[in-house]
Number of protein chains: 2
Amino acid sequence: MKASKIPAATITRLSIYSRALENLLTQGGAPVVSSKRLAELCGVNPAQIRKDLAYFGQFGVRGVGYYIKELLFDIRKILGLNKDWNLAIVGMGNLGCALVAHQNFAKQGYRFVCAFDADPNKIGHKLATGLEISPVQDLIEVCRETKAEIGVICTPPERAQEIANRFYQVPVSGILNFAPVQLQTCEGCKIENVDFTVKLDNLAYYLSMS
Amino acid sequence: MKASKIPAATITRLSIYSRALENLLTQGGAPVVSSKRLAELCGVNPAQIRKDLAYFGQFGVRGVGYYIKELLFDIRKILGLNKDWNLAIVGMGNLGCALVAHQNFAKQGYRFVCAFDADPNKIGHKLATGLEISPVQDLIEVCRETKAEIGVICTPPERAQEIANRFYQVPVSGILNFAPVQLQTCEGCKIENVDFTVKLDNLAYYLSMS
DNA sequence: CCTGCTATGTGCCCAGAATCACAATGGTAG
DNA sequence: CTACCATTGTGATTCTGGGCACATAGCAGG
Ligand SMILES: NC(=O)c1ccc[n+]([C@@H]2O[C@H](COP(=O)([O-])OP(=O)(O)OC[C@H]3O[C@@H](n4cnc5c(N)ncnc54)[C@H](O)[C@@H]3O)[C@@H](O)[C@H]2O)c1
Ligand SMILES: NC(=O)c1ccc[n+]([C@@H]2O[C@H](COP(=O)([O-])OP(=O)(O)OC[C@H]3O[C@@H](n4cnc5c(N)ncnc54)[C@H](O)[C@@H]3O)[C@@H](O)[C@H]2O)c1
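Residues numbered from 1 in each chain as written. Chains lettered and ligands numbered in written order. Predicted model: local features only at pLDDT ≥ 70, side-chain atom pairs only at ≥ 80, totals over all residues. Heavy atoms only, no water.

Around DNA strand D lies a shell of 25 residues, among which Ser35, Arg50 and Tyr66 of chain A together with Lys51 and Arg62 of chain B are the nearest. The protein-proximal atoms of DNA strand D, defined as those within 4 Å of the protein, are 70% sugar or phosphate. Between a phosphate oxygen of DNA strand D and a main-chain N or O atom of Ser35 of chain A, the distance comes to 2.7 Å. In this structure, Tyr66 of chain A approaches DNA strand D through a side-chain N or O atom, which is 2.8 Å from a phosphate oxygen. For the surface near DNA strand D, the secondary-structure elements that each account for two or more residues are helix H3 (46-54) of chain A together with helix H1 (8-27) and helix H3 (46-54) of chain B. When residues in the surface near DNA strand D are grouped by element, the largest group, four residues, is from H3 of chain B. (Near = heavy atom within 4 Å. Polar contact = N/O pair within 3.5 Å; in protein donor to acceptor, adjacent residues only side chain to side chain. Helix = DSSP H or I, 4+ residues; strand = E, 2+ residues; numbered from the N terminus.)

The next point concerns the site of ligand 1. Surveying the vicinity of ligand 1 reveals 25 residues, the closest of which are Leu95, Asp117, Lys122, Cys154 and Thr155 of chain A. With respect to ligand 1, the chains having nearby residues are chains A and B. A distance of 3.5 Å is found between an oxygen atom of ligand 1 and a backbone nitrogen or oxygen belonging to Gly93 of chain A. The separation between an oxygen atom of ligand 1 and a polar side-chain atom of Lys122 of chain A is 2.7 Å. Across the complex, the protein chains shield 85% of the 820 Å² of accessible surface that ligand 1 would expose by itself. Classifying every residue of the shell around ligand 1 gives 15 nonpolar, five polar and five charged. (Areas by Shrake-Rupley, 256 points an atom, 1.4 Å probe, with all protein chains shown as cover. Nonpolar A, V, L, I, M, F, W, Y, C, P; charged D, E, K, R; others polar.)

Around ligand 2 sit 26 residues in total, of which Leu95, Asp117, Lys122, Cys154 and Thr155 of chain B are the nearest. Around ligand 2, the nearby residues trace back to chains A and B. Lys122 of chain B is positioned with one of its side-chain polar atoms (N or O) 2.7 Å from an oxygen atom of ligand 2. Note that an oxygen atom of ligand 2 is positioned 2.6 Å from one of the backbone N or O atoms of Thr155 of chain B. Isolated, ligand 2 exposes 820 Å² of accessible area, and the fraction of that covered by the protein chains is 85%. Within the residue set of the shell around ligand 2, elements represented by two or more residues are helix H5 (94-101) of chain A together with helix H5 (94-101) and helix H8 (157-169) of chain B.

When chain A is fitted to chain B, the residual RMSD is 0.1 Å, and the transformation amounts to a turn of 180° plus an axial shift of 0.1 Å. In the structure described here, the two chain copies are related by an operation that fits a two-fold rotation axis. Here 100% of the interface residues in chain A have copies in chain B that are interface residues too; the copies meet face to matching face. (Least-squares fit on C-alpha atoms with pLDDT ≥ 70 in both. Contact = heavy atoms within 4.5 Å.)

Such coordinate-based values are descriptive only and should not be taken to indicate function.
Written out as structure tokens, the structure is:
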């Protein structure tokens, strides 16, 4: 598939473009946007946008620009957001609960279909969304029942690998990992790490430079 | 300064190396580590590690490897983590509270010195750490009093720019932004975005490809 | 003291990504 | 119908970053 030829950075930017387009839509205004204007909103080079889109086809009208609504639809389709995705989350602590409570995910088509914790006090507890916390021992079984496709790890770092291994057995096809460890990968399962500390460290570096 | 010649990716990796080194330290074992072993732990190429470090000097012993404790110290110094950093946080909702409750930040020398919200019900409330939530109107004043250096934005996206503008006035020298918007930048203030949705979108793309 | 081994430090090369610049083209106005 | 304008789509160019491979240097053992 041509997928392999497309830079990862392009995919990340597509996601950012889609958010800017959503904002333009809700704000109303002209139904078209030029690559120049969109570039300003996203903080990138206009040619970059045109080239990113060119990987997937032709979406604009020369001399006019891009029809916002159509482009948004096309980008979401490229990103695979024209379907809902089922998420399983493990570790219902501070962060885990914040994620499940977050509205935007549902709006984008990401649904939490099961939640797990190891703490007996939490198991059985119902979250605001109606989701009930299951014991982590049942992870594989429940994930299969609920057809989870993406796993989200919010446990302490020393438990993360063990949870990942179980996800591999389900199997899920992707993992979003919030624990600050480098997970061992597994054929057929794509991992994305979200790491706040790394971002803070970056800031610290640049600030102590200047 | 030579800073500008160093790839941003290098700084990010340094942060990851430092975490791996911390793990090695607490686990005990040999006091030295080779670039090969460290590379395995971090999921990168050994030459990459040596090259990253070479930007800043010579830290290893040929034929032996790197002394873990010393290297960790040196990397933390490079990253500017040999001092504490004062953080100001705005928006004490689900995410904001999770961040303040998080132990790791304090361990790394990141201290929350003030917290703000617009909700009258939250103002005056004391967090577990003893930190009291201040009204967002007082942001500039309180940030100056508490010597905040880095701002953390956890408000809804439509409020984020307005908060950033106030941070610019303090001024803080860096902002960690969790709201899914592209903030307008300001000379002298470095911005880092943490964006979960983008990561999920990346997953969605790769999963719908294969 | 000398020899051999091992892992670092680094010059060189290659790949991929960002930017530039221009030709192609749809829309519009006269 | 024609000519002009604005903005896209894309080939060419530049630049940055990653990986290879080897020379270099410290250590250990005899
Ligand atoms: N909270 C933050 O702001 C923040 C920031 C950066 C990184 N993180 C990382 O995110 C993760 C979670 O952070 P948190 O603040 O929510 O921690 P937390 O302690 O509030 O929550 C951890 C949860 O995981 C559960 N758990 C522990 N072991 C488990 C297991 N084996 N199986 C299933 N569940 C288990 C615990 O019962 C608890 O509910 C940690 O790895 C942390 O380092 C958190
Ligand atoms: N919770 C998540 O998992 C998650 C994930 C991705 C992104 N985000 C983003 O992080 C931000 C916060 O998310 P959350 O889940 O904590 O939302 P939340 O609604 O729980 O909290 C938002 C808080 O901001 C406060 N606030 C609103 N306007 C304010 C203002 N002008 N000044 C100061 N405070 C103000 C509110 O009173 C509230 O306490 C949002 O931008 C959200 O999109 C959150």
